[in-house]
Amino acid sequence: MLNRRNLLAAAGAGVTLPGLGHAQGTPQFTFRLHSFSSPTALDHTMHLDRWAERIATASQGRIKVEVYPAMQLGGQPRDLVQQLEDGVVDIIWTVPGFTPGRFMGIEGLELPFLNTGRSLTQSPAAMEYAQKHLADNELRGIKVIAINATDRALVHTTRKPIRTLEDFRGLRLRVAGRWIGEAVTALGATPVGIPLPGVYEALARGQVDGMLINWAITQPYRFYEVAKFHTEPPGGLFQGCILTLMSMRSYNRLPADLKAVIDADSGVPLARRLGEIWDSQTQPAIDATRASQGNEIIEVDAAEKERWSRAVQPVYEAWIAEMTRRGRNGRAMFDDILAITRSHGRTG
């Protein structure tokens with residue numbers, strides 16, 4: 001566990017970004033937002049930094065959000081939730097797989113073939129599901145700013161193309177969480193956990209044979225330089241979840257009018273806005289991949305996708321059993337994932 005005193009000292013030492021152009025006025029409330037992402041990534045340039053600016057403007061400068069990217073306050077990405085709960089920071093930006101077991105209910109949304117295929121539709125589905133099933137357990141004590149989905153994910157390989165279920169056999173594939181890793185095992189490959197910054201080198205050196213990741217992230221990391229085959233079933237293989245979370249203790253420090261400022265720029269409307277951002281990056285990533293020499297995009301047909309879907313059925317049952325073991329109604333949760341994503345556009 002991180003040393004809270006050291007982290008607070010780091011924050012007090014002025015480890016921060018240049019000013020974000022906040023509205024005039026003396027802040028009455030200052031919140032620290034901690035993220036694992038690069039300050040140049042769209043997570044900051046199109047979401048977190050802009051959100052901080054909007055909150056400052058809407059509050060007439062009474063709220064200041066200090067944004068710390070790239071784990072500037074110390075620790076590893078897996079520590080972000082603990083930092084939030086310990087009061088070291090007020091807001092975090094993270095993904096469920098970084099904290100194994102902590103957001104297992106949310107990870108149900110990342111199971112393969114349960115997604116709509118677009119962030120604009122999967123993101124509000126994620127919010128609806130979380131509000132119904134997770135508010136009083138794994139999201140207790142947390143003000144959800146947004147739960148949004150990435151654009152659709154697929155499997156990218158370096159040397160061996162995947163065209164059929166049998167082609168997964170013997171491959172080592174990088175994954176970002178337990179349950180998509182379980183699905184990779186069910187498909188016949190071996191899951192490997194590697195932090196995102198190390199994935200390019202691992203692919204280049206042959207330490208893994210490929211990865212499961214969404215389209216949009218491939219362009220800034222230039223993954224098309226090392227992964228040459230890109231296999232996509234209809235609607236994608238899955239969509240990851242991204243969490244922007246605020247400590248309820250920090251939120252409750254605010255008077256009602258400033259709580260309303262946070263409320264107005266959070267929840268489903270913000271999730272939809274983030275969905276539009278992620279979806280806007282999909283086609284440019286595909287175009288960059290096609291333009292890179294030696295790349296092939298492989299489209300899996302519906303019949304082959306059905307074979308993959310049947311192969312991962314035991315993973316659904318394992319997730320349901322784990323939820324039930326934790327005292328929740330795993331079957332009802334899974335059925336609601338199906339119903340909610342279908343109502344938001346899932347067709348598979």
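Quick note: structure is the one above.
Criteria and cut-off values
- Residues numbered from 1 in each chain as written.
- Predicted model: local features only at pLDDT ≥ 70, side-chain atom pairs only at ≥ 80, totals over all residues.
- Heavy atoms only, no water.
- Phe/Tyr/Trp six-rings, centres within 6.5 Å; stacked < 30°, edge-to-face > 60°.
- Pairing = 2+ DSSP bridges.
- Helix = DSSP H or I, 4+ residues; strand = E, 2+ residues; numbered from the N terminus.
- Right-handed = clockwise from strand over helix to strand, strands pointing away.
- Axes fitted to C-alpha atoms, helices over the stretch in contact; angles between N-to-C directions.

Draft legend 1. Highlighting the packing of aromatic side chains. Here the structure, examined in full by the defined rule, presents five aromatic pairs. For the pair Y221 and F223, a centre-to-centre distance of 5.4 Å together with 10 degrees between the ring planes defines the contact as stacked. Here the aromatic cluster, defined as three or more aromatic residues joined through ring pairs, consists of F36, W93 and F98.

Draft legend 2. Region of interest: the pairing of strand 7 (residues 190-193). Bridging between strand 6 (residues 172-175) and strand 7 involves four bridges; their strand directions are parallel. Paired with V175 across the strands is G193, a residue of strand 7. Each parallel crossover has a hand, and for strand 6 linked through helix 6 (residues 178-187) to strand 7 it is right-handed.

Draft legend 3. Layout of the sheet that holds strand 7. Read from one edge of the open sheet, six strands run 7-6-8-5-9-11, paired in mixed fashion. At either margin of the open sheet sits one strand with a lone partner, and together these are strand 7 and strand 11 (296-299). Going across the sheet, the axis of each strand differs from the next one's by a mean of 30 degrees, ignoring polarity. Pairing geometry for strand 5 (residues 153-157) and strand 9 (residues 229-232), over three bridges, is antiparallel. Within the sheet, the bridge partner assigned to T157 lies in strand 9 and is F229.

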